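Structural overview
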Amino acid sequence: MPRGWHSASAYGISSVSFPVPLLAAEPELQAAAAALASEFTLPTVDTGSNFILELTREGLQLRWRSKPEYQPLVLDYTRGKQAWRQQLGGGRQEAVVRALGLGKGFRPKVLDATAGLGRDGLILAHAGCEVRLLERNPAIHALLHQAVAHLQQFHGNEHWSYQRVLVLPAGSLLDHEDAHAVFADWQPDAVYLDPMFPEREKSAAVKKDMQMLQQLVGADLDADGLLAAALAIAKCRVVVKRPAKAPFLAGQTPSSQIASKKHRFDVYIKQAY
Ligand SMILES: C[S@@+](CC[C@H](N)C(=O)[O-])C[C@H]1O[C@@H](n2cnc3c(N)ncnc32)[C@H](O)[C@@H]1O
C-alpha cells in the first residue's frame, strides 16, 4: 500500500478508503496549504476521496463532495453554539462532567481517546480538567488541532483551562501493544471513550456534522478493544459514552451509569480518585 494510504483498520471500516487531501480554496493559499498538509502528513493532490480539507482565509474546512448542499464543516470553538455550551450552558451540569466525577476541587487528568470534533473534551477542559485529545483519523485530527490552536490563541491566558489542552499526534490506543508505556510520563486519572456507534436512526435525525463524521470515519468496528486498553492505562476510571439503548462496550457491565437525554455514560471504576 503506498505511503500515506491508510488501511481500512486505521479507520474501523471494512474497505480501503481514500485519504483526504488538504487543498487550497484559492491560488494565493497554495503555499500555506502545502505547508499544513506536510505538517499533518496529508496528500496535496486530489485522491478521489469523497471529502476534502480546504484551506480558506478563515482556516480549515471539511467539504463533503457528494453532498454539495451541505455547508462545509468548520470547527470553531470561539463562536456559535459550541462556545455557548462550553462557557455558559456547560460546566458541572453536563452529564459528561458528572460521569467523570469532578468534585471538591479535584479535577482529573483526562485522556479523551476518541476525540472526534473535540466537543466533549473541551467541555471537560472548561470544567477544569487537564485534557489530552487523541484522534486517529488524519483529517479529523488536522481540523481538531487547528481548532484547538485557534481557541488557545483567541482566549490567551484569560481561559487558563484551555491552555492545558493538548492535541496528541494522530493515533490510537490500539496502535500500541503497551499503551501503558506510552503514557508513563502522564498517566491519566480517567480515560474517556466515545467511539462511533453504527447509526440506526434515519439520517435526517442526525446532525449534519455528525453525518459527515460518520461517513468519513466509519463505524469504529474495533471499538470493543478500546475498553481493555483504556482500563490498562487509566489510574482511576474509564467513562464510555453510548447511545441510550446500546449494549455495553465489549459486553462489560459498568460500575455505574449516568443518563442524559439521548446518551448513557457507563462508568468503570478501578479505584476512587
Ligand atoms: C463519535 S466521535 C467522538 C465525538 C467526540 N466525543 C466529540 O465530542 O466531538 C468518535 C471519534 O473517535 C475516533 N476514534 C474511534 N476509534 C478510535 C481509536 N481507536 N483511536 C483514536 N480515535 C478513534 C473516530 O475517528 C471519531 O473521530
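None of these values were measured; they are calculated from a predicted model.

Let's talk about helix α4 (residues 119–126)
With six of eight residues buried, α4 is to be regarded as a mostly interior element. All buried positions along α4 are accounted for by Asp-120, Gly-121, Leu-122, Ile-123, Leu-124 and Ala-125. One or two steps after α4, the chain reaches Gly-128, where phi turns positive at roughly 110°.

Focus: the packing of aromatic side chains
On inspection of all chains with the given rule, the structure shows three aromatic pairs. Ring plane angle 25° and centroid distance 5.4 Å describe the contact between Phe-51 and Trp-64, whose orientation is recorded as stacked. Of this pair, Phe-51 sits in strand β2 (residues 51–56) while Trp-64 sits in strand β3 (residues 59–64), placing them 13 residues apart in sequence. Residue class for Phe-51 comes out buried when judged on its relative accessible area of 4%. Seen in terms of ring centroids, Trp-64 and Tyr-70 are 5.5 Å apart; in terms of plane orientation they differ by 85°. Their pairing is edge-to-face. Residue Tyr-70 is classed as buried on the basis of its relative accessible area, which comes to 14%.

Some thoughts on the pattern of salt bridges
Throughout the structure, instances matching the rule amount to twelve salt bridges. Its salt-bridge partner being Lys-241, residue Asp-194 comes within 3.9 Å of it at the nearest N-O pair. One end of the pair, Asp-194, is in the loop between β7 (190–193) and α8 (208–217); the other, Lys-241, is in strand β8 (residues 237–243), and 47 residues separate them in sequence. The partner of Asp-266 in a salt bridge is Arg-264, and the shortest N-O contact between them spans 2.7 Å. Taken individually, Asp-266 and Arg-264 each receive the classification buried, so the pair is uniform in this respect. Put simply, Glu-26, Glu-28 and Arg-57 are held in one network by salt bridges that share partners.

As for the UniProt feature "binding site: S-adenosyl-L-methionine" (unreviewed entry) in the protein chain
UniProt tags Arg-119, Asp-120, Glu-135, Arg-136 and Asp-194 as "binding site: S-adenosyl-L-methionine" (unreviewed entry). For Asp-120, the position within the fold is in helix α4. The class for Asp-120 is buried, based on a relative accessible area of 10%. Ignoring any residue separated from it by four or fewer positions in sequence, one finds Asp-120 in contact with Tyr-192, Asp-194 and Lys-241. Side-chain polar atoms of Asp-120 contact the side chain of Tyr-192, separated by 2.9 Å. Along the chain, the position of Arg-136 falls in the loop between β5 (130–133) and α5 (138–155).

Overview of α8
Counting buried positions along α8 gives seven out of ten residues, so the element sits mostly inside the fold. The set of residues buried in α8 consists of Asp-209, Gln-211, Met-212, Leu-213, Gln-214, Leu-216 and Val-217. Of the residues flanking the end of α8, it is Gly-218, one or two places downstream, whose phi is positive at about 85°.

What to know about the nonpolar core
Counting residues in hydrophobic clusters, the biggest one holds 57 residues, and the most contacted among them are Leu-22, Leu-53, Leu-62 and Leu-100. A total of eight residues in this core trace back to one element, the largest contributor, which is α5. Discounting residues that sit within four places of it in the chain, Leu-100 has contacts with Pro-108, Val-110, Leu-124, Ala-190, Tyr-192, Arg-237, Val-239 and Tyr-273. Ala-223, Leu-226, Val-240 and Tyr-268 belong to the second-largest nonpolar core, a separate cluster that totals 22 residues.

A closer look at the sheet that holds strand β1 (residues 22–24)
Across the sheet, three strands lie side by side as β1-β2-β3; this open sheet has mixed pairing. Looking at the sheet topology across the chains shown, the edges are occupied by β1 and β3. Along the sheet, successive strands turn relative to each other by an average axial angle of 35°, direction set aside. Taken together, the six bridges between β2 and β3 define a ladder with antiparallel strand orientation. Within β3, the residue paired with Thr-56 across the bridge is Gly-59. Against the sheet, helix α1 (residues 30–39) makes contact with β1, β2 and β3, and its axis sits at roughly 170° relative to β1, the strand it touches most. In this fold α5 packs onto β2 and β3, with an angle of close to 145° to the strand it touches most, β3.

Examining the site of the ligand
Residues in contact with the ligand amount to 19 residues; listed here are only the nearest, Asp-120, Glu-135, Ser-172, Asp-194 and Asp-220. A distance of 3.2 Å separates an oxygen atom of the ligand from a polar atom in the backbone of Gly-118. Between the ligand and Arg-136 there is a distance of 3.3 Å, counted from a nitrogen atom to a side-chain nitrogen or oxygen. When contributions to the shell around the ligand are tallied by element, the ones reaching two or more residues are α4 and α8. Considering only residue class, the shell around the ligand consists of eight nonpolar, five polar and six charged.

Each value, and the rule that gives it
- Residues numbered from 1 in each chain as written.
- Predicted model: local features only at pLDDT ≥ 70, side-chain atom pairs only at ≥ 80, totals over all residues.
- Heavy atoms only, no water.
- Buried < 20%, exposed > 50% of the residue type's maximum accessible area, 1.4 Å probe, protein only.
- Helix = DSSP H or I, 4+ residues; strand = E, 2+ residues; numbered from the N terminus.
- Phe/Tyr/Trp six-rings, centres within 6.5 Å; stacked < 30°, edge-to-face > 60°.
- Salt bridge = Lys/Arg side-chain N within 4 Å of Asp/Glu carboxyl O.
- UniProt positions renumbered as here; feature names shortened; annotations may be inferred.
- Contact = heavy atoms within 4.5 Å.
- Polar contact = N/O pair within 3.5 Å; in protein donor to acceptor, adjacent residues only side chain to side chain.
- Core = buried A, V, L, I, M, F, W, Y, C linked by side-chain atoms within 4.5 Å.
- Pairing = 2+ DSSP bridges.
- Axes fitted to C-alpha atoms, helices over the stretch in contact; angles between N-to-C directions.
- Near = heavy atom within 4 Å.
- Nonpolar A, V, L, I, M, F, W, Y, C, P; charged D, E, K, R; others polar.

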